[in-house]
Amino acid sequence: RLQIISSKQSAEMSQLRRYLLNKGISRPLAVRVQRNAQHALQEQKQNMPEASVSLLALISDPLMMEIHFEIFARWLMEHPFFSCLNETNPAGIRKACHICVMPLSLSNGDV
């Protein structure tokens, strides 16, 4: 199965290279796009997307809220506002983690 996944990823990267070449994308931008795609594939391997875990769709909303809180709160709590919000309104910060926060993959120079 691992070989099939690796083969599929190789084919996808080859398709991306052909697309960039056919569209006349400059070499520096093409390299950045390919590096970003490779990084995204690696990250996807390491950090399984929630959408790919079908059983999570069956989990109750309150439990999903707790899962999202445990995933995202560690970064939010570093900011004084969110840390204070957690102390004064724990249910509010859990709801914010559940509804408002989502993972985003960026490369250097994207922002």
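Observations concerning the pattern of salt bridges
Following the criterion strictly, the structure yields 2 salt bridges and no others. For Glu 12, the salt bridge identified is with Lys 8, shortest N-O distance 3.9 Å. Of this pair, Glu 12 and Lys 8 both sit in helix α1 (residues 2-22), 4 residues apart, roughly one helical turn. Here Glu 66 ties to Arg 94 by a salt bridge, and the two come within 3.0 Å at their closest N and O atoms.

With respect to a nonpolar patch on the surface
A contiguous nonpolar patch, built from Ile 59, Leu 63, Ile 67, Ile 71 and Trp 75 and spanning about 450 Å² of accessible area, is present on the exposed surface. Considering the arrangement of structural elements, one finds Ile 71 in helix α3 (residues 61-76). Judged by relative accessible area, Ile 71 falls into the partly exposed class, the value being 31%.

Quick notes on the layout of surface pockets
In this structure, the largest pocket occupies an estimated 500 Å³ of space. In terms of lining residues, the largest pocket is bounded by 20 residues, among which Asn 47, Met 48, Pro 49, Glu 50 and Pro 103 are the most central. Every element with two or more residues in the lining of the largest pocket is listed here: α2 (27-46), α3 and α5 (90-99). Looking at side-chain class alone, the lining of the largest pocket contains 13 nonpolar, 5 polar and 2 charged residues.

Section: the packing of helix α4 (residues 80-88) against α5
Packed helices, taken two at a time, are described by their axes: the angle between them and the distance between them. Relative orientation of the contacting elements α4 and α5 amounts to 125°, with a least axis distance of 5 Å. Comparing the axis directions of α4 and α5 gives the class oblique. In this structure, α4 contributes Phe 82, Leu 85, Asn 86, Glu 87 and Thr 88 to the contact, and α5 contributes Pro 90, Ile 93 and Arg 94. Partitioning the contact of α4 with α5 into residue classes produces 4 nonpolar, 2 polar and 2 charged.

Description of the side chain of His 98
For His 98, the location among the structural elements is in helix α5. Overall, His 98 belongs to the buried group, its relative accessible area being 18%. At 3.0 Å, the side chain of His 98 and the side chain of Asp 61 are in polar contact. A distance of 2.8 Å separates polar atoms of two side chains, one belonging to His 98 and the other to His 68. In contact with His 98, other than residues within four places in its own chain, are Asp 61, Met 64, Met 65 and His 68.

Each value, and the rule that gives it
Residues numbered from 1 in each chain as written. Predicted model: local features only at pLDDT ≥ 70, side-chain atom pairs only at ≥ 80, totals over all residues. Heavy atoms only, no water. Salt bridge = Lys/Arg side-chain N within 4 Å of Asp/Glu carboxyl O. Helix = DSSP H or I, 4+ residues; strand = E, 2+ residues; numbered from the N terminus. Patch = residues over 30% accessible without salt bridge, like charges linked within 9 Å, V, L, I, M, F, W, Y side chains within 5 Å. Areas by Shrake-Rupley, 256 points an atom, 1.4 Å probe, with all protein chains shown as cover. Buried < 20%, exposed > 50% of the residue type's maximum accessible area, 1.4 Å probe, protein only. 1 Å grid on protein atoms, 1.4 Å probe; cavity = no way out; pocket = protein on both sides within 12 Å on 5 of 7 lines; lining within 4 Å. Points joined across faces, edges and corners; volume = space filled by probe spheres on them. Nonpolar A, V, L, I, M, F, W, Y, C, P; charged D, E, K, R; others polar. Axes fitted to C-alpha atoms, helices over the stretch in contact; angles between N-to-C directions. Parallel < 35°, antiparallel > 145°, perpendicular 65-115°, else oblique. Contact = heavy atoms within 4.5 Å. Polar contact = N/O pair within 3.5 Å; in protein donor to acceptor, adjacent residues only side chain to side chain.

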